[in-house]
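Coordinate inspection notes
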Amino acid sequence: MDKKIVIGCKMTKKGILVNVLLLSFYGFFGVFGYLGNISPHLNLSPNMDKLVCVLIFIIILLFLTSLSGANEIMEFSRQQICYYYAQGFINQWQEVIRILCNKPAKPTISIHTADISKLNLSYTSHMYGWGLKGYRLKITVLLKDGTVFSFFPVSINQMEKGDYEAVLKLLEDNGIAIVDRYSLRNVLNKNSRIFYQYIKAIEERKNKC
């Protein structure tokens, strides 16, 4: 069987159900917000108020539950690199339904390793909430026909597990050159904190030049 390494967290039925339970809190929050701030000014009948509350709860739950299908996944094997991502409300809901129905996932992008010329490791900056600056790994795949794909893998605790190094070793064993201008590979098997500090130091050296 072809070995596969997954970067990112695949959503499961159990994960979706847990999400629905947790997200119910936001549905109730929306209902209480309506009852406390909007309902008194509308003078609706009790039955109409109940109907509005139900609709608010369902709409909030439907919208937030759709995000369960928005996971960003990269799957690496000797044969190909598969990228999975559902963008947009309809596609995200289709992904939720696919998971609940046990249907196989279809990759958004599929790249045969035999078509890859080289893979470049770099990084990009981005902003978190509260104006905090962070850094993300950027993987750029150059195909032999000149086509370029860039990916920004999202994962939790996979640096510590050695999954990134396992991916790079798998690709190297299949004849794909790894270009690592900033020597990021040295910290990709550490943790996200060390990764951040390493890139921050690179940026500080750039700014001094």
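Residues numbered from 1 in each chain as written. Predicted model: local features only at pLDDT ≥ 70, side-chain atom pairs only at ≥ 80, totals over all residues. Heavy atoms only, no water.

A word on the nonpolar core. General note: in soluble globular proteins, nonpolar side chains tend to be found buried as a group. Core analysis: the largest hydrophobic core is formed by 32 residues, its most contacted members being Leu119, Leu121 and Val141. The set of elements that each furnish at least two residues to this core consists of β1 (4-7), β2 (73-77), β3 (80-84), β5 (116-127), β6 (133-143), α4 (163-173) and α5 (192-208). (Core = buried A, V, L, I, M, F, W, Y, C linked by side-chain atoms within 4.5 Å. Buried < 20%, exposed > 50% of the residue type's maximum accessible area, 1.4 Å probe, protein only. Helix = DSSP H or I, 4+ residues; strand = E, 2+ residues; numbered from the N terminus.)

Let us now look at the pairing of β2. Counting buried residues in β2 gives five out of five residues, a clear majority hidden from the surface. Neither face of β2 is left uncovered, since the one carrying Ile73, Glu75 and Ser77 and the one carrying Met74 and Phe76 both have all their residues buried. As judged from the four bridges shared by β1 and β2, these two strands associate in the antiparallel manner. Residue pairing for β2: Val6 is matched across the bridge by Glu75. (Pairing = 2+ DSSP bridges.)

Okay, the packing of aromatic side chains next. A ring pair, where both rings are aromatic, is described by two values, the distance of the centres and the angle of the planes. On inspection of all chains with the given rule, the structure shows eight aromatic pairs. Chaining the aromatic ring pairs together yields one cluster made of Tyr123, Tyr135, Tyr182 and Tyr196. (Phe/Tyr/Trp six-rings, centres within 6.5 Å; stacked < 30°, edge-to-face > 60°.)

An order of β1-β2-β3-β4 is seen for the four strands of this open sheet, with the pairing classed as antiparallel. The open sheet has two free edges, formed respectively by β1 and β4 (109-112), since each of these has just one partner strand. For this sheet the average axis-to-axis angle between neighbouring strands, irrespective of direction, equals 15°. Across the face of the sheet, α4 comes into contact with β1, β2 and β3 while running at roughly 135° to β1. (Axes fitted to C-alpha atoms, helices over the stretch in contact; angles between N-to-C directions. Contact = heavy atoms within 4.5 Å.)

Turning to its location among the elements, Ser24 is positioned in helix α1 (residues 13-42). Under the relative-accessibility criterion, Ser24 is labelled buried at 14%. Look past the residues within four positions of Ser24 in its chain and what remains in contact with it is Phe57 and Leu61.

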